[in-house]
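Chain by chain, the residues:
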Amino acid sequence: MDIKKILGKPLVIMLGATNKGKTMALAQIISEYKKNYHGKVWTYGIKKQITDELKTERFESLETLETIKNSFIVIDEVGRIFDLDDRKQKKMIDTTLRKISHNGNLILLSGLPTDFKKFLSAKADIFLFKGLRIADLINGSMAKETVLNYEGELKGSYVLDVPVNEILCFNGNYWVEKVAYDERFDTKKDNVSLFLERLPFCEKSVEENKPAELCEEKE
């Protein structure tokens, strides 16, 4: 992963639908940054098990965000920290982003395609795309224009079909980065299937490594 190229400009935006590998990509980017550079990393919206593994600082408010200096800041689920549906908040968001940049920070904002309204999308220096429906991108936004102008094999008529182990990047030119799977950052690996078959006796559940609560009681 060419981390310097991915984070080569002050404001980076990652867009992708749910369950398209955004969290794994963010974790890998942070991991590669920490491996190669000495800047402090602050995160918002990323699960604690991942930030503990990566040893990042966490913040929970805009007030704290505006005090951070000379750091790499990663904000996941950007719609949680900024009220993007309230047009009156546009000036506040703009002021906050300028303050963060003025403090010498590098910012990566991540979220759903619908999170990045035209004014916010227009601020991006670099776009990182995961899989998404093209119709979910905001009409007239730089994000949508960037996808529509892409003529590579990942784009169809309705979807941008980026594999979970890849990122489509744009900084004036398009390129693809690979994302290596890392079990430490897979927050869904321990999820239990909701379609495990019920077995006739508890002994068989234990023998076949099935949850005991899924067996039937003996008569």
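None of the values given here were measured: they were computed from a predicted structure.

As a further point, take the pairing of strand E9 (residues 166–170). Regular strands place side chains that alternate from one sheet face to the opposite one. Among the five residues of E9, five are classified as buried, and the element is accordingly described as predominantly covered. Pairing of strand E6 (residues 126–129) with E9 involves three bridges; the strand directions are antiparallel. Opposite Phe127, over in E9, you have Phe170 as the bridge partner. Examined bridge by bridge, E9 and strand E10 (residues 174–178) share five bridges and lie antiparallel to one another. Residue pairing in the sheet places Cys169 in a bridge with Trp175 of E10. Connecting the antiparallel pair E9 and E10 is a turn made up of three residues, with Gly172 showing a positive phi of about 115 degrees.

Ordered in space as E3-E2-E4-E5-E1-E6-E9-E10, the eight strands form an open sheet in which the pairing is mixed. A single partner strand is all that each edge strand has here, and the edge strands are strand E3 (57–58) and E10. Here strand E4 (residues 71–75) pairs with strand E5 (residues 106–111) via four bridges, running parallel. Bridge pairing in E5 links Val74 to Leu108.

Right, let's get into the pairing of E6. With burial as the criterion, each face of E6 is covered, one bearing Ile126 and Leu128 and the other bearing Phe127 and Phe129. Looking at chain direction, strand E1 (residues 11–15) and E6 are connected through four bridges and run parallel. Paired with Leu15 across the strands is Phe129, a residue of E6.

With that settled, consider the nonpolar core. Side chains that are nonpolar tend, in soluble globular proteins, to be buried together. Leu15, Phe59, Leu65, Ile75, Leu109, Phe129 and Leu160 are the most contacted members of the largest nonpolar core, which totals 36 residues. By size, the runner-up hydrophobic cluster in this structure holds 27 residues, among which are Ile3, Ile30, Ile126 and Ile167.

Structurally, Glu177 can be placed in strand E10. As a buried residue without a salt bridge, Glu177 has its nearest oppositely charged side chain in Lys5, at a separation of 5.9 Å. Among the polar contacts listed, one links the side chain of Glu177 to the backbone nitrogen of Asp2, at a separation of 3.2 Å. For Glu177, the residues in contact, after removing those within four places along its chain, are Met1, Asp2, Ile6, Asn165, Glu166, Ile167 and Cys169.

The rules behind the values
Residues numbered from 1 in each chain as written. Predicted model: local features only at pLDDT ≥ 70, side-chain atom pairs only at ≥ 80, totals over all residues. Heavy atoms only, no water. Buried < 20%, exposed > 50% of the residue type's maximum accessible area, 1.4 Å probe, protein only. Helix = DSSP H or I, 4+ residues; strand = E, 2+ residues; numbered from the N terminus. Pairing = 2+ DSSP bridges. Core = buried A, V, L, I, M, F, W, Y, C linked by side-chain atoms within 4.5 Å. Lys, Arg positive; Asp, Glu negative; His and termini not counted. Salt bridge = Lys/Arg side-chain N within 4 Å of Asp/Glu carboxyl O. Polar contact = N/O pair within 3.5 Å; in protein donor to acceptor, adjacent residues only side chain to side chain. Contact = heavy atoms within 4.5 Å.

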